[in-house]
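Coordinate analysis (summary)
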Amino acid sequence: MNASTLTPLISRELIVVTGKGGVGKSAVSAALGGLLASQGRRTLILEIDPRENVHQMLAAPPSGGEIVQVTSKLYLQHLQPRMVLDQLVRERVRVEFLTKRVLESPVYHHFSEGAPGLKEMAVLGHSLLLVQGRVPGAPAIDVVVVDAPATGHGVALLRAPRLVSEVIRQGPVASMTKEVAELVASPDRCGVVVVTLAEEMPVTEALELRADLRSDVQREPDLLVANGLYPPVSESTRETLETADARRLWYSRRELNDAELARLDEHWSGPRVKVPLFPLDRGPELVAEIERELAQ
Ligand SMILES: Nc1ncnc2c1ncn2[C@@H]1O[C@H](COP(=O)(O)OP(=O)(O)OP(=O)(O)O)[C@@H](O)[C@H]1O
Ligand SMILES: [Mg+2]
């Protein structure tokens, strides 16, 4: 692993991978998970997106909410935050008919869907319990990689503990919130990886995302991944491009990438890696290539 970029991430308990929609967050989460596992860390990739697709990246069966073992040290779980909240109710309200009543009540439904920060807290609380070995039936886990949903941008995830702790001040939820807030606020324990394409809108959003991280959670990203770069045009690639149109397209995409990388250079200090656009479909081969780039 590269000493300057990825080494600091290796000892974290939680790594949040975030960025604009479609930039490669899931692919990078899968690759990062694989890398950490290859370094001996028992790693669980936590996917929140209801469309569930990280398993395809890893050629694993779908999780459906369960923890799936991918390799000896790599696990995957697709989590619906609502399921975590329902489980909390089940644990707290031990009488079955009461539990049923709570879970079915419109008030609970309204609360669990609408309360700001609650679903995010469910994701973080679950991650914390995993690394603490407090999830019944779960394997021992050293680090959770959260493939954060695009909407809300991961900043919402990191902002949630503070939001919730302002509202709920006492009881078991409050103490859990405090523990999660400590985890998220500690750069030694929680890492943030921002993924972007070297294109105008994604770069603008990545810069905004970093500004939000600074102002809302006083955090700097640990790593920027500039993903999907057109490879520089070389003699050999030129020969593979059969038509003048294909060459023009390639040149112009690469020029755009260069301009946006220069804009990133200007405004974003800190570790970064560049990952090329590979001519591969979503799957383990693509993830292995991205892993290689991250490790370089
Ligand atoms: N470096 C790459 N080279 C080639 N294809 C890539 C690369 N990175 C990602 N992809 C492909 O781009 C598509 C989007 O990637 P991915 O699903 O990881 O993005 P995402 O940020 O998770 O998207 P969403 O916001 O929709 O969850 C996928 O089909 C993936 O296989
Ligand atoms: Mg995704």
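Please refer to the structure placed before this passage.
Here goes a summary of the coordinates provided. Along each chain, residue indices are assigned from 1 in the same order as the chain's sequence is written. Chain labels run from A onward and ligand labels from 1 onward, assigned in the order the entries are written. The predicted origin of the model limits local features to residues at a pLDDT of at least 70 and limits the giving and counting of side-chain atom pairs to 80 or more, whereas totals for whole chains, interfaces and linings rest on all residues. Note: side-chain values were computed over all heavy atoms of the structure, leaving out hydrogens and water.

1. Some points on the pairing of strand 2 (residues 43-47)
Across the five residues of strand 2, five count as buried, placing the element largely inside the fold. Relative accessible area decides the class of each residue, using a 1.4 Å probe on protein chains only: under 20% of the type maximum gives buried, over 50% gives exposed, and in between gives partly exposed. The secondary structure listing takes helices from DSSP runs of H or I that are at least 4 residues long and strands from runs of E that are at least 2 residues long, numbered from the N terminus. Neither face of strand 2 is exposed, since Thr43, Ile45 and Glu47 on one face and Leu44 and Leu46 on the opposite face are all buried. Pairing analysis gives five bridges linking strand 2 to strand 4 (residues 74-78), with the strands arranged parallel. Looking at strand 4, one finds that Glu47 is bridged to His78. Pairing between strands is defined by DSSP: at least two bridges between the two strands are required. In this sheet, strand 5 (residues 143-147) lies alongside strand 2 in parallel orientation, the contact comprising five bridges. Paired with Leu46 across the strands is Val146, a residue of strand 5.

2. Examining the packing of helix 6 (residues 118-131) against helix 8 (residues 172-185)
For helices, the axis comes from a line fit to the C-alpha atoms of the stretch in contact; other axes are also lines fit to C-alpha atoms, and the angle between any two N-to-C directions lies between 0 and 180 degrees. Contact geometry of helix 6 with helix 8 gives a least axis separation of 10 Å together with a crossing angle of 80°. Looking at the two axes, helix 6 sits roughly perpendicular to helix 8. Note on element contacts: helix 8 touches helix 6 through Met176, Thr177, Glu179, Val180, Leu183 and Val184, opposite Met121, Leu124, Gly125, Leu128 and Leu129. Considering only residue class, the contact of helix 6 with helix 8 consists of eight nonpolar, two polar and one charged. By definition in this entry, angles of less than 35 degrees are roughly parallel, angles greater than 145 are roughly antiparallel, angles of 65 to 115 are roughly perpendicular, and the rest are oblique. Contacts are assigned to residue pairs that have any heavy atoms within 4.5 Å of one another. Polarity classes work like this: nonpolar for Ala, Val, Leu, Ile, Met, Phe, Trp, Tyr, Cys and Pro, charged for Asp, Glu, Lys and Arg, and polar for all others, with Gly in that last group.

3. As for the sheet that holds strand 6 (residues 190-197)
Within the open sheet, the eight strands sit side by side as 3-4-2-5-1-6-7-8. Their pairing is mixed. Strand pairing shows two members of the sheet lacking a second neighbour, strand 3 (67-71) and strand 8 (272-276), which therefore form its edges. With strand direction ignored, the average angle separating the axes of adjacent strands in the sheet is 20°. Bridge analysis of strand 6 against strand 7 (residues 223-229) gives five bridges, and the strand direction is parallel. Within strand 7, the position partnered with Thr196 by the bridge is Ala226. Contacts from helix 11 (residues 244-267) reach strand 6, strand 7 and strand 8, with the element oriented near 170° to strand 7. Relative to strand 8, helix 12 (residues 284-295) is tilted by about 150°, and along the sheet it contacts strand 7 and strand 8.

4. Details of the site of ligand 1
Near residues are defined by distance, with any heavy atom within 4 Å of the molecule or strand qualifying the residue. For ligand 1, the set of nearby residues contains 18 residues, the closest of which are Gly22, Lys25, Ser26, Ala27 and Arg51. Residue Gly24 places a main-chain N or O atom 2.9 Å away from an oxygen atom belonging to ligand 1. Under the rule applied, a polar contact is a pair of N or O atoms within 3.5 Å (in protein, one hydrogen donor and one hydrogen acceptor; residues adjacent in sequence only if both atoms are side-chain atoms). Take Asn227: an N or O atom from its side chain is 2.9 Å from a nitrogen atom of ligand 1. Here ligand 1 loses 82% of its free accessible area of 630 Å² to cover by the protein chains. Counting atoms within 2 Å of the grid points, the majority share of ligand 1 lands in the second largest pocket. No other element matches helix 1 (residues 25-38), which puts three residues into the shell around ligand 1. Using a 1.4 Å probe, accessible areas were evaluated by the Shrake-Rupley method; residue-level cover was limited to the displayed protein chains. Points on a 1 Å grid, built from protein atoms alone, make a cavity when a 1.4 Å probe fits but cannot get out and make a pocket when they are open with protein on both sides within 12 Å along at least 5 of 7 lines; residues with an atom within 4 Å of a point are the lining residues. Each molecule is assigned to a cavity or pocket provided more than half of its atoms lie within 2 Å of the corresponding grid points.

5. Points about the pattern of salt bridges
By definition here, a salt bridge exists when the distance from a side-chain nitrogen of Lys or Arg to a carboxyl oxygen of Asp or Glu is within 4 Å. What the rule picks out here adds up to 17 salt bridges. Note that Glu205 is salt-bridged to Lys20, the shortest N-O span being 3.3 Å. Placement of the pair is Glu205 in helix 9 (residues 200-217) and Lys20 in the loop between strand 1 (14-18) and helix 1, with a sequence separation of 185 residues. Its relative accessible area of 26% is what places Lys20 among the partly exposed residues. One continuous salt-bridge network, built from bridges that share partners, spans Arg12, Arg219 and Asp222.

Distances and angles like these do not, on their own, reveal function.
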